[in-house]
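One-letter residues, chain by chain:
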Amino acid sequence: MTATPDRIADGSYWPQSYTLGPIMSGEPCCVPKTLISVEGLSPSYSGKTALENVSLDIDGGCITALIGPSGCGKTSLLSSLNRLTDLIPGCRLAGRIRIDGEDIHGVDVNVQGLRRRVGMIFQRPNPFPLSIRRNIEMPLREHGMSRRSELDERIERALRDVGLWAEVRDRLDSPALTLSGGQQQRLCIARAVALEPSILLMDEPCSALDPLSSGIVEDLIASLRGRYTVVIVTHNLAQARRIANYAALFWVQNRAGTLIEFDQCRRLLEAPRSDITAAYVRGHRG
Amino acid sequence: MPDVCVAPPAAYLHVRDTLLRAAVWSATLLVGAVFAWLLADLLGQGAARIDWSFLTSAPRNAGRSGGIAPILVSTLVVVVVAIAVAAPLGLATAVLLAEVVRRGGRTERLIGLSLDVLAGIPSIVFGLFGNAFFCIWLGLGFSILAGGLTLACMVLPILIRTAESGLRMVPNDWRFGAAALGLSRAATLWQILIPAAAPALLAGLMLGIGRAMAETAALVFTSGYVDRMPSSLWDSGRAISVHIYDLSMNVAGGDQSAYASALVLIVLLIMINSAAIWLADILLVRRIKMI
């Protein structure tokens, strides 16, 4: 029985064939339950379609990798999930995205609340030009938290979660931009995590970092499994293999990005059903 | 062999380089020399007149003797009024241009065009407008308030344009980052964009202050040329450049005082500019670079 988005969605595929290989061994990452449901999504920019009719269901608590060559719409899908596409002039979305059953484009949706629940990490680390402490504190205050003790506790917990606490505890008030690239990226993750989101979107979070920092951030992302639903865009297939439970391969067909295959990550990489996937994961194309 | 492959002789290249260097250096030296000459002239003719009492006493005998204390106070108050009015208006307009309206859209082009026209209007025209609008129509009369408001209109285009470009220089990474954290636009603006653009905002403010302090024509018709110490915003007051103009044009034997006052003005401008550079450096270092 093959894994198709439909079967994953209706549960007929799960959980008997739950084989994720050595990295994934041990207890299952999660009870598979759809958290994000994308139906017929087609984002377009000033009339140019970036993605054509994409439907997939993303399970809660798992890491889902979006892979494929540049320009195939992975980032468009990612930034549709927290409605960051609203910020791009000329961007229109067709289709429906539901998170926890709620349509994120519904009339009564509070976009700021949605983005608090759906955090995002960008390719280039983008800590604000404030102190390390203020980087985490300011969004918390904006979302209504003002008790000093509560704030300090949240800040420490977030920094501990990303393994940054020991490195910065003595200099919380120094500028965040004095941190190294890898530390900055972890601070950005801490900043998002402090808001207690349920979903983290990551757009090639390691690609602007040196190999060592990249490894540290990758381990951190892997450790988030189970606590957060992570959707990560990556060009690094080895990374996807190491950390992702599921993978979706996108490809440009008829000048628009298309979802080619969506499956368990190891299955997609090792026994792809589509020729395009096979060629891509073996490095023949893309 | 085609010509393009033949390099010109080394001697020719050398001569060309030397000529270019000579041209660039002489142009720079010429500019520097003009400033040095101006400063030397002011120092030579005015420095002898300047002492503590010149700065702290009132002018006597139409400014031929005595000091410039009331004039300094009037100048300061006029500039403070102008900046206090223009800075918030300018910042708000810059935010509209850089953050709200669509880049290259009709609104942006229309506002941009009016700003550029406004920036090109001679100050004497602002003076006439200020006189007609603030002094007569609003009934403020010849007053420091009317002068300050007129100057505010005049420096607005500079403030808006520098603040706008400062805001545009802030990388989009931070805008997207802030939006992705669910920050409101107001919070993004106050907490991130304006602090990040602060050095540019400050530079624009200093340009505006410099322009306001050195203004003559717009003030002659609005804040007037009474050289008494002003007692309120509704009093007429003589700004320093008006004082210089009056001394050199209308007062026989007032040249030395005019030079001394001009020297004071130049020193003030240099001080303001240095303070701006120093402040901008501090802001940049504190927010962005290493401590």
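Residues numbered from 1 in each chain as written. Chains lettered and ligands numbered in written order. Predicted model: local features only at pLDDT ≥ 70, side-chain atom pairs only at ≥ 80, totals over all residues.

Visitor: Is there a simple way to think about helix α8 (residues 185–213) of chain B in this case?
Guide: If you check α8 of chain B, its first and last C-alpha atoms are just 35 Å apart, much less than what 29 residues at 1.5 Å a residue would give, namely 42 Å. Its maximal kink placed at alanine 198 of chain B, α8 of chain B deviates by approximately 60 degrees, while the proline proline 199 of chain B follows within four residues. (Helix = DSSP H or I, 4+ residues; strand = E, 2+ residues; numbered from the N terminus. Expected span 1.5 Å × (residues − 1). Bend = angle between axes of the 7 residues up to and from the residue.)

Visitor: I tried to follow the sheet that holds strand β9 (residues 229–233) of chain A on my own but got confused; where do I start?
Guide: Across a sheet, paired strands are connected by hydrogen bonds in the backbone, their directions being either parallel or antiparallel. Residues and elements named next belong to chain A. In spatial order, the strands read β7-β8-β9-β4-β10-β11; together these six strands make up an open sheet with mixed pairing. With partners counted over all chains shown, the strands left at the sheet margins are β7 (118–121) and β11 (256–264), one partner each. Adjacent strand axes in the sheet meet at a mean angle of 20 degrees when their direction is disregarded. One ladder, built from four bridges, connects β7 with strand β8 (residues 199–203); its direction is parallel. When the bridges of β8 are listed, isoleucine 121 appears paired with methionine 202. Contacts between helix α2 (residues 74–81) and the sheet are confined to β4 (63–67), β7, β8, β9 and β10 (246–253), with β9 contributing the most and set at about 150 degrees to the helix. (Pairing = 2+ DSSP bridges. Axes fitted to C-alpha atoms, helices over the stretch in contact; angles between N-to-C directions. Contact = placed C-beta atoms within 7 Å.)

Visitor: Is there a simple way to think about the nonpolar core in this case?
Guide: Within soluble globular proteins, side chains that are nonpolar generally end up buried alongside one another. Ala190 and Ala247 of chain A together with Ala82 and Val155 of chain B are the most contacted members of the largest nonpolar core, which totals 145 residues. Among residues more than four places away in sequence, those in contact with alanine 190 of chain A are Ile136, Ala158, Leu159, Asp161, Val162 and Leu164 of chain A. (Core = buried A, V, L, I, M, F, W, Y, C linked by C-beta atoms within 7 Å. Buried ≥ 20, exposed ≤ 12 C-beta atoms within 10 Å, placed from the backbone.)

Visitor: Got a minute to help me understand the packing of helix α6 (residues 144–169) of chain B against α8 of chain B in this structure?
Guide: Two packed helices can be described by the angle between their axes and the distance between those axes. Residues and elements named next belong to chain B. Two numbers describe how α6 lies on α8: the axes approach to 8 Å, and their chain directions differ by 155 degrees. Taken together, the axes of α6 and α8 lie roughly antiparallel to each other. With respect to the hand of their crossing, α6 and α8 are arranged in right-handed fashion. Residues Leu151, Val155, Ile158, Leu159, Thr162, Ala163, Ser165, Gly166, Leu167 and Met169 of α6 touch α8, and the partners they reach there are Leu193, Ala197, Ala200, Leu201, Ala203, Gly204, Leu205, Leu207, Gly208, Arg211 and Ala212. Classifying every residue of the contact of α6 with α8 by side-chain character gives 15 nonpolar, five polar and one charged. (Parallel < 35°, antiparallel > 145°, perpendicular 65-115°, else oblique. Left-handed = near helix turned anticlockwise from the far one by under 90°. Nonpolar A, V, L, I, M, F, W, Y, C, P; charged D, E, K, R; others polar.)

Visitor: Sorry if this is basic, but what is going on with the environment of aspartate 161 of chain A here?
Guide: Residues and elements named next belong to chain A. Here aspartate 161 is to be found in helix α5 (residues 148–161). The exposure class assigned to aspartate 161 is partly exposed, which follows from the 18 C-beta atoms found within 10 Å. Along the sequence, aspartate 161 and isoleucine 189 sit 28 residues apart, while their C-alpha atoms lie 9.2 Å from each other.

Visitor: It is not clear to me how the domain arrangement of chain B should be interpreted in this structure. Could you clarify?
Guide: Often the size quoted for an interface is simply the accessible area lost on bringing the parts together. Residues and elements named next belong to chain B. Taken as a whole, chain B is organised into domain 1 (9–49) and domain 2 (53–287). If you average the C-alpha positions of domain 1 and of domain 2, the two centres end up 31 Å apart. Taken together, the contacts link six residues of domain 1 with eight residues of domain 2. The class makeup of the residues in the side of domain 1 that touches domain 2 is three nonpolar, two polar and one charged. (Domains from an automatic or database assignment.)

Visitor: Honestly, the pairing of strand β1 (residues 34–45) of chain A in this entry has me stumped. Any pointers?
Guide: Every regular strand shows the same layout, with side chains that alternate between the two sheet faces. All names here are of chain A. Judged from the five bridges that link them, β1 and strand β3 (residues 54–59) form a sheet pairing that is antiparallel. Its bridge partner lying in β3, valine 38 is registered against leucine 56. Relative to strand β5 (residues 91–99), β1 is paired through eight bridges, and the arrangement is antiparallel. Residue pairing for β5: serine 44 is matched across the bridge by arginine 92. Pairing between β1 and strand β2 (residues 48–49): two bridges, direction antiparallel. In the sheet register, tyrosine 45 faces β2, and the bridge partner there is lysine 48. Adjacent in sequence and paired antiparallel, β1 and β2 are bridged by two residues, among which serine 46 carries a positive phi angle near 45 degrees.

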